[in-house]
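# Per-entry structural report
Spelled out from the first residue to the last, the chains are:
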Amino acid sequence: PEFTTCELYQAYTNLDGMWNVMGNISYGLPVNFIRSNINLNAGVMFSQTPSLIDGNKNIASTMSYNGGITLGSNISKNVDFTLSWNGNYSEAKNSLATAGSSNNYFSHTASGNIKLVLWGGITFTASASYNQYLGFTNDYNESYVLCNAFLGKKLFKSQLGEILVGVNDIFNQNTSF
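Residues numbered from 1 in each chain as written. Predicted model: local features only at pLDDT ≥ 70, side-chain atom pairs only at ≥ 80, totals over all residues. Heavy atoms only, no water.

## As for the overall build of the chain
Along the backbone of the chain there are zero helices and eight strands. Written out in order from the N terminus, the α and β elements of the chain read β-β-β-β-β-β-β-β. In summary, the chain has a C-alpha radius of gyration of 23 Å against a globular reference of 16 Å for 177 residues, an excess of more than 25%. For the chain, the spread of C-alpha atoms along the principal axes amounts to about 70 × 55 × 35 Å. Here the chain holds 177 residues, and the buried ones make up 23% of them. (Helix = DSSP H or I, 4+ residues; strand = E, 2+ residues; numbered from the N terminus. Rg over C-alpha atoms; globule rule 2.2 N^0.38 Å. Buried < 20%, exposed > 50% of the residue type's maximum accessible area, 1.4 Å probe, protein only.)

## Focus: the packing of aromatic side chains
Taken as a whole and judged by the stated rule, the model has one aromatic pair. On the numbers, 5.4 Å between centres and 50° between planes, the contact of Trp19 with Phe46 is tilted. Taken together, the residues Trp19 in strand S1 (residues 19-31) and Phe46 in strand S2 (residues 36-53) connect sequence positions 27 residues apart. Under the relative-accessibility criterion, Phe46 is labelled partly exposed at 23%. (Phe/Tyr/Trp six-rings, centres within 6.5 Å; stacked < 30°, edge-to-face > 60°.)

What follows is the structure in structure tokens.
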């Protein structure tokens, strides 16, 4: 039999012109009737990354906008919960792509978690999150729910430590993309 060999040539080139700028704002206020805090956040980011594609310089530019809301509570030393939603919209452009070509996508996560300290320092912790990724220009759409649960025991003086045993991704939903 005949064998054909193939050699790949790889070279590294340092390119200048990579930079990013971002700004974020956050505002929090108390929600006294449930002994909680609500936090709002928003941000914007622009990045530019150079690369070489078949010897031609490409500039990848991404403009992103994000926002979110979190309700966090510490009702008592035995009950703690958090509910949140965060979203991100991005538009990515490549200078070597056809005119007007861009990749627009939206991702968001809604999540909640709770921690209970039961009798004798036994703890129960559970969390769930819904994650969705939508590609507006490439018809990409993926979503999944992640659920985790843990049992634990408080340790040490003043119960400042804890040991946990649990399961991540209980329903085996995280396929990643």
